[in-house]
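# Architecture and fold: a report
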Amino acid sequence: MEMAERVEALRQKLNQYGYEYYVLDRPSVPDAEYDRLMNELIEIETDYPELRSPDSPTQRVGGAPLDAFVKVTHDTPMLSLGNVFSKEELVEWVGRIEKDLGYSPLFVAELKFDGLAVSLKYEAGRLVRGATRGDGTTGEDITQNLKTIRAIPLRLNEDVTFEVRGEAYMPKRSFEHLNDERERLGEPLFANPRNAAAGSLRQLDSKIAAARNLAFFAYGLVSTDDLVASHDESLAYLGRLGIAVSQEYTTCQTADELWDYIETYVTRRSELPYEIDGIVIKVAAYEEQEQLGFTAKSPRWAVAYKFPAEEVVTT
Ligand SMILES: Cc1c[n+]2nc(N)[nH]c2nc1OC(C)C
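Residues numbered from 1 in each chain as written. Predicted model: local features only at pLDDT ≥ 70, side-chain atom pairs only at ≥ 80, totals over all residues. Heavy atoms only, no water.

## Details of the site of the ligand
- Every residue lining the ligand is accounted for by Leu79, Leu81, Glu110, Leu111, Tyr219, Val280, Lys282, Trp301 and Ala302.
- Burial of the ligand by the surrounding chains reaches 85%, relative to a free accessible area of 380 Å².
- Breaking the shell around the ligand down by element, the ones donating at least two residues are β3 (107-113) and β10 (276-283).
- Residues that form the shell around the ligand fall into these classes: seven nonpolar, no polar and two charged. (Near = heavy atom within 4 Å. Areas by Shrake-Rupley, 256 points an atom, 1.4 Å probe, with all protein chains shown as cover. Helix = DSSP H or I, 4+ residues; strand = E, 2+ residues; numbered from the N terminus. Nonpolar A, V, L, I, M, F, W, Y, C, P; charged D, E, K, R; others polar.)

## Observations regarding the packing of aromatic side chains
- Considering all chains together, one arrives at 13 aromatic pairs under this definition.
- Note on tyrosine 169 and tyrosine 274: the rings are 5.5 Å apart at their centroids and 65° apart in plane angle, and the pair reads as edge-to-face. Here the residue tyrosine 169 occupies a position in strand β7 (residues 162-169), and tyrosine 274 occupies one in the loop between α9 (255-268) and β10, the gap between them amounting to 105 residues.
- Exposure remark for tyrosine 169: the relative accessible area of 7% places this residue in the buried category.
- Under the relative-accessibility criterion, tyrosine 274 is labelled buried at 7%. (Phe/Tyr/Trp six-rings, centres within 6.5 Å; stacked < 30°, edge-to-face > 60°. Buried < 20%, exposed > 50% of the residue type's maximum accessible area, 1.4 Å probe, protein only.)

## Section: the sheet that holds strand β2 (residues 83-84)
- Taken in spatial order, the five strands of this open sheet run β2-β11-β10-β3-β9, and their pairing is mixed. Bordering the open sheet on either side are β2 and β9 (250-252), each of which pairs with just one other strand.
- Relative to β10, β3 runs antiparallel, the two sharing seven bridges. Bridge pairing in β10 links lysine 112 to glycine 278.
- Packing of helix α8 (residues 231-240) onto the sheet brings it into contact with β3, β9 and β10, and relative to β3 it is tilted by some 55°. (Pairing = 2+ DSSP bridges. Contact = heavy atoms within 4.5 Å. Axes fitted to C-alpha atoms, helices over the stretch in contact; angles between N-to-C directions.)

## Remarks on the pairing of β3
- Counting buried residues in β3 gives seven out of seven residues, a clear majority hidden from the surface.
- Bridge count between β3 and β9: three bridges; the pairing is antiparallel. Residue pairing across strands places valine 108 opposite threonine 251, the latter belonging to β9.

## Quick notes on a negative patch on the surface
- A grouping of Asp225, Asp226, Glu287 and Glu290 is seen on the molecular surface, where their side chains present a negatively charged patch.
- Examined against the element boundaries, aspartate 226 turns out to sit in the loop between β8 (215-222) and α8.
- When its relative accessible area of 77% is taken as the criterion, aspartate 226 is described as exposed. (Patch = residues over 30% accessible without salt bridge, like charges linked within 9 Å, V, L, I, M, F, W, Y side chains within 5 Å. Salt bridge = Lys/Arg side-chain N within 4 Å of Asp/Glu carboxyl O. Lys, Arg positive; Asp, Glu negative; His and termini not counted. Charge placed at Lys NZ, Arg CZ, Asp CG, Glu CD.)

## Quick notes on the packing of helix α3 (residues 87-101) against α9
- Where α3 meets α9, the closest approach of the two axes is 10 Å, and the angle between their N-to-C directions is 140°. On the basis of the axis angle, α3 is oblique to α9. Handedness of the crossing formed by α3 with α9: right-handed. Where α3 approaches α9, its residues Lys87, Leu90, Val91 and Val94 are matched on the opposing element by Ala255, Asp256, Leu258, Trp259 and Ile262.
- When grouped by side-chain class, the residues that make up the contact of α3 with α9 number seven nonpolar, no polar and two charged. (Parallel < 35°, antiparallel > 145°, perpendicular 65-115°, else oblique. Left-handed = near helix turned anticlockwise from the far one by under 90°.)

Treat this as a map of the structure, not an account of what it does.
Listed below in structure tokens is the structure:
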């Protein structure tokens, strides 16, 4: 088989296996097989540098550390969410939506991951930029660090151009291992997975970020084309493209259904492999989102139900 064809075949396989492992959480081959193929691809790209390309799975850990992060301006501001803290406030919020629209719309309820909001720009199916939310208008270019997260594909299986919004986070087990290691080295511990993820993504050397086992869930897309007509469709679409989307979301018609979903996760929260700090509720249809619009800093068509702060058991 011609070398270039072998390289393309290896890339396809590694992207497929990466998707099964990091997105579906259902690998079809043992890690040893994945590593064997990756090593073969690294060898070929070393012997034939002209066959190396920026979106190859071997290019996840960047080159030399940066001196500083470049500032980026978000084409579409990354807004913050309004909060509700009780069933009464949720029922009130749903009531206002139904009054504004004149009928009760479909809602999407999803987990609110306790990590760092980031934006991923894809052009013709290739990841071209990753940035922090910053103040919502101006963030920092952390492309090198976000490329180290395997749940973020460098190359989509469609040549689409759009922006993906989501949460970069550190799974609970990675957080525990990281703090065990820091304790062993006498280094200060991270207070929680959110701080650990933020600290990792602020590293100027992407090799350090790569060692932190970060993860990612997409929770929305921004596009000028009419790729999809509703938020729940956008999540299914992002998953089909190979981007990690949490499958824990659901659609609800009433405040009671929303509250049932919230109560499910109040109990299930402690057994999830990552931390969540609430539930995000959104009106599903983009047309209705447009009709409802925004306040100065938040969408009127979305709200976060925040869990009560967990009593810290001081032992
Ligand atoms: C700030 C934010 C955070 N989160 N988290 C999720 N799961 N969805 C979501 N959506 C957000 O904002 C959109 C409503 C634009």
